[in-house]
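# Results of the structural survey
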Amino acid sequence: VPVYAVTRAIRPLGFGYVTHRLGASGGFADTLNATGAGTTNERIDAAVALYLATLLCVGLPAALMAVLLARMVERTSGCRTAGILAALIVGLATPVFTYAQAFYGHVLAAALLVGALALLVLRPGNAVSRWRLFALGALLGAAVVVEYPAAIVGLGIAAWALWLARSRAMVFGVLGALPPLVVLAVYDQLVFGTIKPVGYEHSTLWQDKHDTGFMSLTHP
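Now for a description of the structure that goes with this document.

What counts as what
Residues numbered from 1 in each chain as written. Predicted model: local features only at pLDDT ≥ 70, side-chain atom pairs only at ≥ 80, totals over all residues. Heavy atoms only, no water. Salt bridge = Lys/Arg side-chain N within 4 Å of Asp/Glu carboxyl O. Buried < 20%, exposed > 50% of the residue type's maximum accessible area, 1.4 Å probe, protein only. Axes fitted to C-alpha atoms, helices over the stretch in contact; angles between N-to-C directions. Helix = DSSP H or I, 4+ residues; strand = E, 2+ residues; numbered from the N terminus. Parallel < 35°, antiparallel > 145°, perpendicular 65-115°, else oblique. Left-handed = near helix turned anticlockwise from the far one by under 90°. Contact = heavy atoms within 4.5 Å. Phe/Tyr/Trp six-rings, centres within 6.5 Å; stacked < 30°, edge-to-face > 60°. Expected span 1.5 Å × (residues − 1). Core = buried A, V, L, I, M, F, W, Y, C linked by side-chain atoms within 4.5 Å. Patch = residues over 30% accessible without salt bridge, like charges linked within 9 Å, V, L, I, M, F, W, Y side chains within 5 Å. Areas by Shrake-Rupley, 256 points an atom, 1.4 Å probe, with all protein chains shown as cover.

### Section: the pattern of salt bridges
Per the stated rule, a full pass over the model turns up one salt bridge. A salt bridge links Glu74 to Arg80; the nearest nitrogen and oxygen atoms lie 3.4 Å apart. On the accessibility criterion, Glu74 (25% relative accessible area) is partly exposed. Taking the relative accessible area as the measure of exposure, Arg80 reaches 58% and is therefore exposed.

### Focus on the packing of helix H1 (residues 2–9) against helix H4 (residues 41–77)
One way to put it is that H1 packs onto H4 with a least axis distance of 9 Å and a crossing angle of 140 degrees. Taken together, the axes of H1 and H4 lie oblique to each other. When you trace H1 past H4, the crossing you get is right-handed. Contacts between H1 and H4 involve Val3, Tyr4, Thr7 and Arg8 from the first element and Asp45, Ala49, Leu52, Ala53, Leu56 and Cys57 from the second.

### A closer look at unusual backbone geometry
Residue Arg166 is not a glycine yet carries a positive backbone phi of 55 degrees. Relative to the helices and strands, Arg166 is located in the loop between helix H9 (150–165) and helix H10 (167–192). Under the relative-accessibility criterion, Arg166 is labelled exposed at 52%.

### Here's the deal with the packing of aromatic side chains
We describe a pair of aromatic rings using the distance from one ring centre to the other and the angle between the two ring planes. Taken as a whole, this structure holds two aromatic pairs when the rule is applied. Look at Tyr99 and Tyr104: their rings are 5.7 Å apart centre to centre, the planes differ by 85 degrees, and that puts the pair in the edge-to-face class. Owing to a relative accessible area of 39%, Tyr104 belongs among the partly exposed residues under this scheme.

### Focus on the environment of Glu147
One can find Glu147 in the loop between helix H8 (130–146) and H9. By relative accessible area, Glu147 is classed as buried at 13%. Taking C-alpha positions, Glu147 is 7.0 Å from His106, a pair spaced 41 residues apart along the chain.

### A closer look at helix H7 (residues 106–121)
Over its 16 residues, H7 extends 22 Å from the first C-alpha to the last, a length consistent with the 22 Å expected when each residue adds 1.5 Å. Of all the 16 residues making up H7, 12 are buried; the element is thus mostly covered by neighbouring parts of the structure. Along H7, the residues that are buried comprise Val107, Ala109, Ala111, Leu112, Leu113, Val114, Gly115, Ala116, Ala118, Leu119, Leu120 and Val121. Those residues of H7 that are buried lie in contact with H4, helix H6 (96–99), H8 and H9.

### Topic: the nonpolar core
Counting residues in hydrophobic clusters, the biggest one holds 16 residues, and the most contacted among them are Leu113, Leu120, Leu133, Leu136, Leu140, Ile157 and Ala161. Only H7, H8 and H9 provide two or more residues apiece to this core. In contact with Leu133, other than residues within four places in its own chain, are Val128, Ala161, Ala165, Arg168, Ala169, Phe172 and Gly173.

### A short note on a nonpolar patch on the surface
A cluster of nonpolar side chains, contributed by Phe134, Leu162, Met170, Val171, Val174, Leu175, Leu178, Val182, Val186, Tyr187, Leu190 and Val191, occupies part of the molecular surface with about 1,100 Å² of accessible area. Structurally, the position occupied by Leu175 is in helix H10. For Leu175, a relative accessible area of 42% gives the class partly exposed.

Written out as structure tokens, the structure is:
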């Protein structure tokens, strides 16, 4: 929403002219489906706004996730080459490469989980500071907001934090997770009339998959 709002705000400052010129380009038109709806200014504006939202909300987190993976592997293995190779493999040889270019929540949720894990793996010394626990809770809470199934992986990370920091992890981790989870609860209440995680139940896509098991989660 903030990214889209910025594209609306800067349209009178020249952004609208840029999108108009893009829509008038024959080379750009040649990349589109000939039987599609064409290149109206409104459609070009929406496409550019979606591209920028994808770049900032998905592509950038994917790149940061790769950096964190490299740092974590280097820390645990003591080998920088291993860290770089791990990041390249995950970033280029897995579905991350494809999903990082699409406006889905998959990569963003994964990046938030990796960020939470990095707070523990890359901590200086053995102690886990209060701010790290708070940030860890916030990242895990945000991951669940983006993709509910992220809670499964998040529970494992939370359990490790609890083992490392005991009661402090419970207090500061919960405080960090509350803001994004409260936002989710308010949103669900306003839109669906319940605070339960029901977004998938109201999806217009792949409804047969969402109705399988627990919100699409079942045995392999």
